[in-house]
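# Structural description and commentary
The lines below spell out each chain.
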Amino acid sequence: MGASRLPAPVGSLALASEECMAAPVAALGVSDEWLAARVQQGDAAAFEALVERYQAPLYHFAYRVLGGAADAEDATQETLIQVYHALPRARLDQPLRPWIFRIARNRCLDVLKRRRAIPLSWLGSGDGEPPLADAVSSSPLPEEVAERADLQRLLTAAIAALAPPYREVVALRYTADLSVAEIAAVLEAPENTVKIRLHRAKAALRAALRGLLADETGGTR
Amino acid sequence: MSVREREGTADSFADVERLLTRLEPPPVPPGLSARVLARTSRAQAPGWPGRLVLALLGGLLAAVLAAVSGYAAGRELVYSGALELLRLGLEERELFWAAPVDYLLALGEALPWGWLAATGLSVAAAVVATRPLGRAAGRGQPV
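First things first, this report covers the structure right here in the doc. Quick caveat, the model's predicted, so the values are computed rather than measured.

## A word on the nonpolar core
All names here are of chain A. Counting 61 residues, the largest nonpolar core has Phe61, Ala62, Ala104, Leu172 and Leu205 as the members making the most contacts within it. In terms of residue count, helix α3 (residues 44-66) provides more of this core than any other element does, 15 residues in total. Residues lining this core come from more than one domain, with at least three contributed by each of domain 1 (24-120) and domain 2 (129-221). When sequence neighbours within four positions are dropped, the list of residues in contact with Phe61 reads Phe101, Ala104, Ala171, Leu172, Thr175 and Ala176.

## Focus on the packing of helix α6 (residues 82-91) of chain B against helix α8 (residues 100-110) of chain B
All names here are of chain B. Two numbers describe how α6 lies on α8: the axes approach to 9 Å, and their chain directions differ by 150 degrees. Looking at the two axes, α6 sits roughly antiparallel to α8. Of the two elements, α6 crosses α8, and the hand of that crossing is left-handed. In this structure, α6 contributes Ala82, Leu85 and Gly89 to the contact, and α8 contributes Tyr103, Ala106, Leu107 and Ala110. Residues belonging to the contact of α6 with α8 are distributed by class as follows: six nonpolar, one polar and no charged.

## Structural notes on helix α6 (residues 151-160) of chain A
Leu155(A), Ala158(A) and Ile159(A) are the residues of α6(A) that are buried. Down the axis of α6(A), the buried side of the element spans an arc of 95 degrees, and every buried residue falls inside it.

## Structural notes on the packing of α3(A) against helix α5 (residues 96-114) of chain A
Residue and element names in this part refer to chain A. Packing of α3 against α5 leaves a shortest axis separation of 10 Å and a crossing angle of 35 degrees. Viewed along their axes, α3 and α5 form a crossing whose handedness is right-handed. Between α3 and α5, the residues in contact are Tyr54, Leu58, Phe61, Ala62, Val65 and Leu66 and Ile100, Phe101, Ala104, Cys108 and Val111, respectively.

Quick notes on the rules
- Residues numbered from 1 in each chain as written.
- Chains lettered and ligands numbered in written order.
- Predicted model: local features only at pLDDT ≥ 70, side-chain atom pairs only at ≥ 80, totals over all residues.
- Core = buried A, V, L, I, M, F, W, Y, C linked by C-beta atoms within 7 Å.
- Buried ≥ 20, exposed ≤ 12 C-beta atoms within 10 Å, placed from the backbone.
- Helix = DSSP H or I, 4+ residues; strand = E, 2+ residues; numbered from the N terminus.
- Domains from an automatic or database assignment.
- Contact = placed C-beta atoms within 7 Å.
- Axes fitted to C-alpha atoms, helices over the stretch in contact; angles between N-to-C directions.
- Parallel < 35°, antiparallel > 145°, perpendicular 65-115°, else oblique.
- Left-handed = near helix turned anticlockwise from the far one by under 90°.
- Nonpolar A, V, L, I, M, F, W, Y, C, P; charged D, E, K, R; others polar.
- Arc of directions from axis to C-beta.

Have a look at this one:
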């Protein structure tokens, strides 16, 4: 392949230099907004690069919120297809990442609504905090929890036990790796609301983990 | 929640933070991106030839309008005497310089403004309508 020709995955993307053109766009440091602008100009390869970039974080987010692989895959697909249809009209003067995750969140909420897993009052901007059912435990978890072989199973179960509004902030923060400001943009809520929700989510997680450990101890007796 | 409670978040939940940083992502289903791209390319497929045909038809229609209005404008230029005035103005400059305002007023009255505007608009419409064809040719692929 000559320097003027692009490798197959990036197709017709026109980059500034020949060195840039010889590398896959997904691996380059080009911004989401740059790719989105290329999509708006009709570059199919730029959308392909966005899909490659976002499929994993979106799937991880949906998996944690919905708690199942099949639903997460459907939600991820629907999100990316909605992004494809909405991108031509998207505003590129605002960060793309929160916008994409807002779409993903809405898809997940649709699934949860169909399951009737959340009261409608929790779907708002987050001004009113959902009730925290479990009593908040203030003492830290035992150190040996981190060394357990089944840590992933425990964490997955504890996250799944959270109420959806807490589950989504945990998923956005710890699986999609969004900042508090980005999460606030996704939820269209003030940053303080996000901080409070994260705080409560961690308290609820600790309580859930403690509960799971207690169940195991009780079960082995 | 109190301010103190919020400020203490980082320290008071260090144990939970530590565990969450060890949370492993689930494996992404193989072929997920391929399925998305297959669906988006299916979604665009019917629209693309339609847009090309529309651009072609629009361009042709605008070109026909440009030809008709151009012919009519030319005919009116001859019949109204505007063409003769223009020729005189260009060939016999002293005629123009003797009374430039009168010359321009006479020319303004004689010119078939309606047909000239219609011709200009039709040409502009032809350029705009056929722009997608140029983009498709340059890109070599539909979007």
